[in-house]
Amino acid sequence: MSDRDNEVPAAGRPIVLRGGTVLTMDDAHTVLTHADVLVVGDRIAAVGTALEVPEGTQEIDATGGIVMPGMIDTHRHMWQTAMRGYGADWTLTQYFVWYYLEHGKAFRPEDVYAGNLLSAWDALEAGVTTTVDWSHGLQTVDHAEAAVDALQAVPGRFVLAYGNIQAGPWEWTSDPAVRAFLERRRRGAGDLLGFQLAFDVTGDPTFPEKAAFEAARDLGLPVTTHAGVWGATNDDGIRLMHEHGFMTPETVYVHASTLSTDSYQRIAATGGSVSVSTESEQSAGQGYPSTWQVRRYDIPVSLSMDTSVWWSSDLFSAMRTTLGADRSREHLEAHTLGETVTHVHLRAEQVVDWATRGGARALGRDDLGRLEPGAKADVVLIKNDQSPVSFPLLNPYGHVAFQAQRGDVHTVLVDGRVVKHAHHLVGVDLPAVRRTIDATVEHLRSSMGEEAWTRGMNPDLPHDEVLDNPYQYTDYKSDSTHDAYHDVQADPVP
């Protein structure tokens, strides 16, 4: 590879990615081989083979690689990223205690800024060009200002889903300061920053969340909500939302793992979508990852990674674990009936679709998630000539879902701008980001105290009872067995 191949394309000039396998993610499921994608300005100008391009177009060699739309994560608690890996052994209950009841209150505006900054660069590095910041750590408007400042400091596409777990949604949505913030930051935000409201519905029959839904309607903002979470949010919340007319096509239901047929039917009938966080659901305990359920009702699906305090922060992991969980459930259900699955229902193409077009549909952005003329130029090139896993490239959807990893992301464009090239982020000062994160970790650690810090990371092991096993009391090497064995060996049957 020459130095020229590593040069970052200059801003403002057209770009063509040449000779790759192109997953257009269009309605016709078009896959092109040895094909080109031309970007002019912030749009896809053309897709095809041997494209004629404007004079001065910069070329990126995509030979042997996969060109696909930028991935879209519809639910990521970005503010928690400074705690990456801290809660690897938590359950959902321990997460609630740590963030909701105890130490989440210690996050300052600068700590929210630090987490968002790291998470935003993290997403781009993995080919996630649009991320919904499910930002429920906004205890004050100053925290919200810091969250948006961090998002706008990174050249990605983001949606701030405003939330506050330290107050009821009927309280903070009625705060004039919060409304003023949302109205002010939306003005002139441009195409790269959107807004939602993020809150949960507990199922309280008095439906106190009604005021928050009314605020969302007044502000013209969609709602994203954790639904179908075991022990927290379930069917009563869905019923109340539906009966009061607050289930809309723009509503995103996160997890949706423990709902009844009635709730899934209400979601399907009102056009909402489900954001599935498989690594989260299968580890924390929200319920079994819901794709095996929601696809029965033809509910649109998008993917998300939830939080780096536990899990991977890329959608390759999300696609892989979603396929695994759905297929595992399908086999288990069949085996329970004494049957065998000979053809799996969920295919690799579907999870790639959910990671791209599914996210675009959830956000109401039909200009994202596809590589077609006129679409926004959010583009990912998966190519790694130094990896033996990069070839052969036989099933491109299967390669993306099961073989590729974040280290294989060669180039990323957002809105036509190159933000990663030749496996390196463009324009990031990672040492400065690290210093920002280090300051947040030091603040949290010192405010908690060393004992609490260590205890929080290492929850107690449960005291499991050992079930009686009659076979453990039988010595298969008893004298009688031993003697009989040797008698047979000494006098074998002819």
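Above: the structure in question.
My aim in this report is to walk through the structure given alongside it, one point at a time. The model shown is predicted, which means the values in this text are computed figures rather than measured ones.

What follows concerns the environment of L461. Within the secondary structure, L461 is located in the loop between helix 16 (450-457) and helix 17 (479-490). What makes L461 exposed here is its relative accessible area of 72%. In this structure the C-alpha to C-alpha distance between L461 and D89, which are 372 residues apart in sequence, comes to 9.7 Å.

As a further point, take the nonpolar core. Looking at soluble globular proteins, one finds that nonpolar side chains tend to be buried together. Counting residues in hydrophobic clusters, the biggest one holds 105 residues, and the most contacted among them are M83, Y99, L160, Y162, L182, M319 and V400. Looking at which element gives the most residues to this core, the answer is helix 3 (residues 109-125), with eight residues. For M83, the contacting residues outside a window of four places in its chain are W98, Y99, F107, S308, V309, L444 and W453. Among the nonpolar cores identified, the runner-up in size contains 17 residues, and L17, V37, A375 and V379 belong to it.

Each neighbour pair has its own omega, and for F391 with P392 the value is -5°, a cis peptide bond. Here P392 lies in the loop between strand 14 (379-382) and helix 14 (396-403). Backbone geometry places A256, a non-glycine residue, at a positive phi of 50°. Relative to the helices and strands, A256 resides in the loop between strand 11 (252-255) and helix 9 (261-270). Residue D306 is not a glycine yet carries a positive backbone phi of 80°. By secondary structure assignment, the location of D306 is in the loop between strand 13 (301-303) and helix 12 (315-336).

Time to look at the pattern of salt bridges. Applying the stated criterion to the full structure yields 36 salt bridges. Among the ionic pairs, E125 bridges to R406, the shortest N-O distance being 2.4 Å. With E125 in helix 3 and R406 in the loop between helix 14 and strand 15 (409-414), this pair connects stretches of sequence that are 281 residues apart. The exposure class assigned to E125 is partly exposed, which follows from its relative accessible area of 21%. The class for R406 is partly exposed, based on a relative accessible area of 21%. Notably, a salt bridge pairs D218 with R179, separated by 4.0 Å at the nearest N-O pair. Here the residue D218 occupies a position in helix 7 (residues 210-219), and R179 occupies one in helix 6 (residues 176-186), the gap between them amounting to 39 residues. Within this structure, D42, R43, R157, D191, R365, D367, K376, D378 and D415 form a network of salt bridges that share partners.

What follows covers helix 13 (residues 348-362). Along its 15 residues, helix 13 runs 20 Å from first to last C-alpha, staying within 8% of the 21 Å computed at 1.5 Å per residue. Considering bend angle alone, the principal kink of helix 13 is centred on W354 and spans about 45°. Burial within helix 13 is extensive, with twelve of its 15 residues counted as buried. Looking only at helix 13, the buried set comprises A348, V351, V352, D353, W354, A355, T356, R357, G358, G359, A360 and A362. Count one or two residues on from helix 13 and you reach G364, which has phi positive near 65°.

So, how was this worked out
Residues numbered from 1 in each chain as written. Predicted model: local features only at pLDDT ≥ 70, side-chain atom pairs only at ≥ 80, totals over all residues. Heavy atoms only, no water. Helix = DSSP H or I, 4+ residues; strand = E, 2+ residues; numbered from the N terminus. Buried < 20%, exposed > 50% of the residue type's maximum accessible area, 1.4 Å probe, protein only. Core = buried A, V, L, I, M, F, W, Y, C linked by side-chain atoms within 4.5 Å. Contact = heavy atoms within 4.5 Å. Salt bridge = Lys/Arg side-chain N within 4 Å of Asp/Glu carboxyl O. Expected span 1.5 Å × (residues − 1). Bend = angle between axes of the 7 residues up to and from the residue.

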